[in-house]
Amino acid sequence: MIVRTPAEYAALSRVFHEIVHRDPHFKPMTLFDFGSGIGSVVWAAQLVWSSSLIEHMCVDASREMNDIAEVLIKKGSAKHAPIFPGIYFRQFLPVGTDAEYDLTVSSYSLLELPSAASRMEILDKLWKKTKKYLVLLESGSNAGFQVVNEARDFILGTHIHKFDDGDEMRSRQGHAFAPVTPF
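What counts and how
Residues numbered from 1 in each chain as written. Predicted model: local features only at pLDDT ≥ 70, side-chain atom pairs only at ≥ 80, totals over all residues. Heavy atoms only, no water. Core = buried A, V, L, I, M, F, W, Y, C linked by side-chain atoms within 4.5 Å. Buried < 20%, exposed > 50% of the residue type's maximum accessible area, 1.4 Å probe, protein only. Helix = DSSP H or I, 4+ residues; strand = E, 2+ residues; numbered from the N terminus. Contact = heavy atoms within 4.5 Å. Polar contact = N/O pair within 3.5 Å; in protein donor to acceptor, adjacent residues only side chain to side chain. Pairing = 2+ DSSP bridges. Axes fitted to C-alpha atoms, helices over the stretch in contact; angles between N-to-C directions. Parallel < 35°, antiparallel > 145°, perpendicular 65-115°, else oblique. Left-handed = near helix turned anticlockwise from the far one by under 90°. Nonpolar A, V, L, I, M, F, W, Y, C, P; charged D, E, K, R; others polar. Expected span 1.5 Å × (residues − 1).

## Some remarks on the nonpolar core
If you look at the biggest cluster of nonpolar residues, it comprises 24 residues, and the most contacted ones within it are Phe16, Ile19, Leu31, Trp49, Leu103, Val105 and Val135. Those elements giving two or more residues to this core turn out to be helix H1 (5–22), helix H2 (40–49), strand S4 (101–107) and strand S5 (130–137). No other element matches H2, which puts six residues into this core. Setting aside residues up to four positions removed in sequence, Leu31 forms contacts with Val41, Val42, Ala45, Leu53, Glu55, His56, Met57, Tyr101, Leu103 and Val105.

## Structural notes on the environment of His56
One can find His56 in strand S2 (residues 55–59). Given a relative accessible area of 0%, His56 falls into the buried group. Not counting residues within four places of it along the chain, the set of residues in contact with His56 comprises Leu31, Val42, Gln46, Phe84, Pro85, Gly86, Ile87 and Tyr88. For His56, the side chain forms a polar contact with the side chain of Gln46, separated by 2.8 Å.

## Some thoughts on the sheet that holds S4
Strands in a sheet are paired, the pairing made by backbone hydrogen bonds, and the direction either parallel or antiparallel. Read from one edge of the open sheet, five strands run S3-S2-S1-S4-S5, paired in parallel fashion. Every interior strand has two partners, whereas the edge strands, strand S3 (87–90) and S5, have only one. Going across the sheet, the axis of each strand differs from the next one's by a mean of 15 degrees, ignoring polarity. In terms of strand pairing, S2 meets S3 through four bridges, oriented parallel.

## Describing the packing of helix H4 (residues 116–128) against helix H5 (residues 142–155)
Look at H4 against H5: their axes get within 11 Å of each other, and the N-to-C directions meet at 50 degrees. In terms of orientation, H4 and H5 fall into the oblique class. The element H4 and its partner H5 pack so that their crossing is right-handed. In this structure, H4 contributes Ala116, Arg119, Met120, Leu123, Asp124 and Trp127 to the contact, and H5 contributes Val147, Glu150, Ala151, Phe154 and Ile155. In terms of residue class, the contact of H4 with H5 is made up of eight nonpolar, no polar and three charged.

## Examining H1
Over its 18 residues, H1 runs 26 Å from end to end, which matches the ideal 26 Å to within 8%, given 1.5 Å per residue. Those residues of H1 not exposed but buried are Thr5, Glu8, Ala11, Leu12, Ser13, Val15, Phe16, Glu18 and Ile19. In this structure, the buried residues of H1 make contact with H2, S4 and S5.

## Structural notes on the environment of Glu8
One can find Glu8 in helix H1. Along the primary structure Glu8 and Tyr108 are separated by 100 residues, whereas in three dimensions their C-alpha atoms are 8.3 Å apart.

From the geometry alone we can't say anything about function, so treat these as descriptive.
Structure (structure tokens):
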């Protein structure tokens, strides 16, 4: 995980700078990070929007990852205050969809989910939490490409996902901002 951090941070920074370039008036106050790991999204978002971000909700299924991220955000010691304001760590997605975030990010997390059905369920929840931008990043592999395409189709409303029990889920319609190349 630590080995991937510089590349993930660079890719996230590139995407966030692209948002600034195309939407210079976007000043997110709230950030939701699904699969937050050690906090790459928070660090990259702070690089770009430190003057506006006041709440960071970090969700990772691994308690240990949350603990490491919290120590890093607290300058290596639990005794210190967090470097960034309003940062919260959770092990599970918050129940309910009332809370919305200006910027919602899933970075290198969708491929870790066990099935297409679980990805659609998570995407639906993330999309419902998104006020302005939902950023999805995956590895530059064929599998990563397929997962991002699957997510894009779902978000654009061109995909109806059918579950094994016969239920259907259709996303509210969105717009693809851009696939961005790293450099």
